[in-house]
Amino acid sequence: MHATLNSAVTLRYVDDDPGAAPGRPPVLLLHGFGSTFELNWVRTGWTAALAAEGLRTIGPDLRGHGSSGKPRQDDAYLPGVFVADLVLLLDELGVERADVVGYSMGSRLAWEFALTRPERVRRAALGGFGPRNAFAGTDLDDLESDDSPFGRLYRAVAELPGNDLAALAACARGQAARPFTEEPAPRSTPLLFVAGEEDEIADGVERLARVSGAAGALRIARRDHRTAVTAGAFKKAVLEFLADEAPISSTA
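Sequence order as written defines residue numbering, which begins from 1 separately in each chain. Owing to the predicted nature of the model, reporting of local features is limited to residues with pLDDT of at least 70; listing and counting of side-chain atom pairs is limited to 80 or more, with chain, interface and lining totals taken over all residues. Note: side-chain values were computed over all heavy atoms of the structure, leaving out hydrogens and water.

Student: How should I be thinking about the pattern of salt bridges in this particular structure?
Tutor: Where charged atoms from two side chains of opposite charge come close, those side chains can pair. Whenever a carboxyl oxygen of Asp or Glu lies within 4 Å of a side-chain nitrogen of Lys or Arg, that contact is scored as a salt bridge. Taken as a whole and assessed by the stated rule, the structure comprises 14 salt bridges. Residue arginine 117 pairs with glutamate 119 through a salt bridge whose shortest N-O separation is 2.6 Å. Relative accessibility decides the category of a residue: with a 1.4 Å probe and only protein chains considered, values under 20% of the type maximum give buried, values over 50% give exposed, and everything between is partly exposed. Looking at glutamate 119, the relative accessible area reads 42%, which means it is partly exposed. Residue glutamate 206 pairs with arginine 219 through a salt bridge whose shortest N-O separation is 2.8 Å. Here the residue glutamate 206 occupies a position in helix H7 (residues 205–212), and arginine 219 occupies one in strand S8 (residues 217–220), the gap between them amounting to 13 residues. Taking the relative accessible area as the measure of exposure, glutamate 206 reaches 33% and is therefore partly exposed. Take arginine 219: its relative accessible area is 14%, and that puts it in the buried class. The helix count covers DSSP runs of H or I at least four residues long, the strand count covers runs of E at least two residues long, and both are numbered beginning at the N terminus.

Student: Before we go on, may I ask you to explain the pairing of strand S1 (residues 2–5) in this structure?
Tutor: Consecutive side chains along a regular strand alternate between the two faces of the sheet. Residues Ala3 and Leu5 line the buried face of S1, whereas the alternating positions His2 and Thr4 sit on a face that is not buried. Of the pairings in the sheet, the one linking S1 to strand S2 (residues 11–16) comprises 4 bridges and is antiparallel in character. By the bridge assignment for S2, leucine 5 is matched with leucine 11. Linking two consecutive strands that pair antiparallel, namely S1 and S2, is a turn of 5 residues. When DSSP finds two or more bridges between a pair of strands, those strands are recorded as paired.

Laid out in C-alpha cells, this is it:
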C-alpha cells in the first residue's frame, strides 16, 4: 500500500504486510542521503527478502527525498525533526514498536530514533555507518563545487531524477548542525552494524560497536559504501539479528 501522511511536511510511505508473521514487529526501513525507499530497499532486494520471511515493512521517503515534501530550510532537517516524522508515521499506522534498518544517513537517523525514543525501537540494524563526521572538510555553502567525499556524493545523487538540489543542501546543513557523537549511545536497544570492508564512510565502526554495546560489526568482503547494500550477507545478518537466532560473526 502506498499512502501519504500529511504533517508539517507531506510524507509518502509504503506499508506492505504479507501477514505471515503476526507475532513479529514491523520493519521500518530508512534510506540514505539522496536516495528513496524504492532505490535503497526495493531495487536492492530488501523488501523481497523481508516479505519472504513474512515480515511487514514500512518504508518512507524521508523528508527532502523522493515523493515526500522538500522544504528548503536547514532547520527542517535536524535529526530530531526526522525522528518526529517517524513517530508520527508509526502513530498513524498504530505501530507501538518497530525494528529499524537504516543505511548511511538512514542509520544516523536510526541511532537518533533509538536514542531519543527507545520505547518505539525494538532492535536497530545500521548499515554503511560509522563514527566519522560525514561532513568533515566539506564546504556546505558551495556543494556544487566542493571536492570533499561528501561534496562528490552530493553531486552524484543530484543527478538522480526528482532530487531537489536546494532541499538536499539544506538537508546536509541541517544534519551537520547536530554532529554525530558516540555518547550518549542507545544502549537499551540492541544494535547491529554492517558495512562493506572498503567503505571509508564506515571507518571506526568496529570501535563504535564496542563502545555502544552492539551485537557486532559485520564487514562484508569486497564491498564499498555503494555496493554493500545489495549484498546477500548483509540481508542474512540482519534477518538473523531481527529474529534473534544465530550469533553474528565478524566477517562475511
